[in-house]
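So you can see what is in the structure, the chains are spelled out below.
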Amino acid sequence: MKKTVLVSGGAGFIGSHVTVELVQAGYDVVIADNMSNCDDTNYRGVCSILGRELPFIKMDFCDGDAVNELFAKYRIDAVIHFAAFKAVGESVDEPLKYYRNNLLSFLNVLEAARSQGGCNVLFSSSATVYGEPEELPVTEKSPRQPATSPYGDTKQMCEDFLRDCVRAYPGVKGIALRYFNPIGAHPSALIGELPRGVPNNLVPFITQTAIGRRECLSIFGNDYPTEDGTCKRDYIDIVDLAKAHVCAVTRMVEGRMKEDYEIFNVGTGRPVSVLELVNAFEKVNGLKLNYKIAPRRPGDVVAIWADPSLANEELGWKAERSVEETLAAAWAWEKHLAGK
Ligand code: UDP
């Protein structure tokens, strides 16, 4: 019998890729999204890739009654919670907006999981919980550092909500996946990242500069203590990242968890500097990017990358795509959006 996975925020960048991989792995998926930060481009893309419509519910997870009704209507075996605001800078200016949305929506998921007598809950967390790590690469045992933004705070708090609910309520089980830097797009170029306004993240800024929507990429700082002076990150392909969710959901629904609450890093283990990424983008796509060195961006950590061995061993998952393949997919998606 097919298992049903509820994907909150399923019309977004990560949610849409995870939906595709779940359906292709044999799960039934119910997508719920309030469309507050996206249009229906990715939902339509998901349906084209899969060749059929999926159940889609337009709803706000801050509405507790609506979340309970959803759980009552569909027999939900697992829920993956993506629905959240994600702009770090905006969260500093509007903390209440972030706390209200990101915390309340997850509390409602947990409440619904508890009321139906248990559920498998997968929370989408972030490497941001590690702050500026003292030792690299970071393992799941590396200490969490005090968050430097309300956004980062909501990730830490939601991890704790999940841990405490798993401990208190029978049948509630949880996995938190800590993502490093998800980039790229589906190889079909039918789904991808759709930033609103000026992109905050590096890869959308690169692709928009390459297509001519932005004049020049600013590289934030080349005086960091790294080989080429630019920051290092662990860029993880979005399809690889999506597959980690399938492995985590399967581990939960098949009852293979070792603890009722588990945490996994989802990264490649491969550090790449901003300049290396820009050079790789130019090379693989055969173009020159207009860029300049700009001052450091406040709040950036110098370097962070994952030790993904726990996910490799326990989830049986490994990042497979090279950074070049991923950057080619990101560029194909940008061109698809531009109708080229
Ligand atoms: N970055 C940059 N120019 C940009 C956007 C980002 O140089 O327009 C750098 C940023 O300083 C960081 C890296 O790219 O070192 C990744 O930033 P991003 O915002 O994509 O992810 P973060 O690691 O901050 O979550």
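Predicted, not measured: the structure shown is a model, and the values here were computed from it.

Caption draft 1: Fine view of the packing of helix H1 (residues 13-24) against helix H2 (residues 41-50). Taken N-terminus to C-terminus, the directions of H1 and H2 make an angle of 20°; their axes are 10 Å apart at the nearest point. Looking at the two axes, H1 sits roughly parallel to H2. Handedness of the crossing formed by H1 with H2: right-handed. Residues Phe13, Ser16, Thr19, Val20, Val23 and Gln24 of H1 form the contact with H2, whose own contacting residues are Asn42, Val46, Ile49 and Leu50. Among the residues making up the contact of H1 with H2, the classes are represented as 6 nonpolar, 4 polar and no charged.

Caption draft 2: Representation of the pattern of salt bridges in the model. A full pass over the atoms with the stated rule returns 22 salt bridges. With a shortest N-O distance of 3.3 Å, Asp160 and Arg163 are connected by a salt bridge. Placement of the pair is Asp160 and Arg163 together in helix H6 (residues 150-168), with a separation of 3 residues, close to one helical turn. Taking the relative accessible area as the measure of exposure, Arg163 reaches 31% and is therefore partly exposed.

Caption draft 3: Unusual backbone geometry, seen in detail. Following Leu136, the chain continues to Pro137 via a peptide bond in cis, the omega torsion being -5°. Relative to the elements of secondary structure, Pro137 occurs in the loop between strand S5 (119-126) and H6. The backbone phi angle of Met35 is positive, close to 60°, even though this residue is not glycine. Mapping Met35 onto the fold places it in the loop between strand S2 (28-33) and H2.

Caption draft 4: Representation of the nonpolar core. Val5, Ile14, Leu22, Ile80, Leu177 and Val249 are the most contacted members of the largest nonpolar core, which has 40 residues in total. Ranked by residues supplied to this core, first place goes to helix H8 (residues 238-253) with 9 residues. If near-sequence neighbours (up to four positions away) are discounted, Ile80 is found in contact with Val5, Leu6, Val7, Ser8, Val18, Leu22, Leu122, His245 and Val249. Of all hydrophobic cores here, the second largest spans 28 residues; its members include Leu6, Val79, Leu162 and Val166.

Caption draft 5: Representation of the site of the ligand within the structure. Close to the ligand lie 15 residues; Leu202, Ser218, Arg233, Arg297 and Asp300 are nearest. Between the ligand and the protein, one listed contact pairs an oxygen atom with a backbone N or O atom of Phe220 at 2.9 Å. In this structure, an oxygen atom belonging to the ligand sits 2.8 Å away from a side-chain N or O atom of Arg297. Contact with the protein chains removes 85% of the 510 Å² of surface that the ligand exposes when unbound.

Caption draft 6: Main features of the pairing of S2. In terms of residue burial, S2 counts as a mostly covered element, since 5 of its 6 residues are buried. As paired strands, strand S1 (residues 4-8) and S2 are joined by 5 bridges and run parallel to one another. Its bridge partner being in S2, Val5 is matched across the sheet by Val29. Crossover handedness for the path S1 to H1 to S2: right-handed. Sheet topology places S2 next to strand S3 (residues 56-58); 3 bridges connect them, and they run parallel. Bridging from a neighbouring strand, Ile31 pairs with Phe56 of S3. For the segment spanning S2, H2 and S3, crossover handedness is right-handed.

Caption draft 7: Molecular detail of the packing of aromatic side chains. Counted under the stated rule, the structure contains 5 aromatic pairs. Note on Phe85 and Tyr98: the rings are 5.4 Å apart at their centroids and 55° apart in plane angle, and the pair reads as tilted. Taken together, the positions of Phe85 in the loop between strand S4 (78-81) and helix H4 (88-93) and Tyr98 in helix H5 (residues 95-115) put the pair 13 residues apart, joining distant regions of the chain. Of the two residues, Phe85 and Tyr98, neither departs from the other in class, the shared state being buried. Taking NZ or CZ as reference, Lys97 lies 4.9 Å from the ring centre of Phe85, over its face. The ring of Tyr169 carries Arg114 above its face, with NZ or CZ at 5.5 Å from the centroid.

Caption draft 8: Broad picture of the sheet that holds S3. Taken together, 7 strands build an open sheet; the order of strands is S3-S2-S1-S4-S5-S6-S11 and the sheet is parallel. Since the sheet does not close on itself, it has two edges, and those belong to S3 and strand S11 (261-266), each with one partner. Pairs of neighbouring strands in the sheet enclose a mean axial angle of 20°, with direction left out of account.

Reading the values: rules and limits
- Residues numbered from 1 in each chain as written.
- Predicted model: local features only at pLDDT ≥ 70, side-chain atom pairs only at ≥ 80, totals over all residues.
- Heavy atoms only, no water.
- Axes fitted to C-alpha atoms, helices over the stretch in contact; angles between N-to-C directions.
- Helix = DSSP H or I, 4+ residues; strand = E, 2+ residues; numbered from the N terminus.
- Parallel < 35°, antiparallel > 145°, perpendicular 65-115°, else oblique.
- Left-handed = near helix turned anticlockwise from the far one by under 90°.
- Contact = heavy atoms within 4.5 Å.
- Nonpolar A, V, L, I, M, F, W, Y, C, P; charged D, E, K, R; others polar.
- Salt bridge = Lys/Arg side-chain N within 4 Å of Asp/Glu carboxyl O.
- Buried < 20%, exposed > 50% of the residue type's maximum accessible area, 1.4 Å probe, protein only.
- Core = buried A, V, L, I, M, F, W, Y, C linked by side-chain atoms within 4.5 Å.
- Near = heavy atom within 4 Å.
- Polar contact = N/O pair within 3.5 Å; in protein donor to acceptor, adjacent residues only side chain to side chain.
- Areas by Shrake-Rupley, 256 points an atom, 1.4 Å probe, with all protein chains shown as cover.
- Pairing = 2+ DSSP bridges.
- Right-handed = clockwise from strand over helix to strand, strands pointing away.
- Phe/Tyr/Trp six-rings, centres within 6.5 Å; stacked < 30°, edge-to-face > 60°.
- Lys NZ or Arg CZ within 6 Å of the ring centre and 35° of its normal.

Limitation: the analysis is restricted to geometry and does not speak to function.
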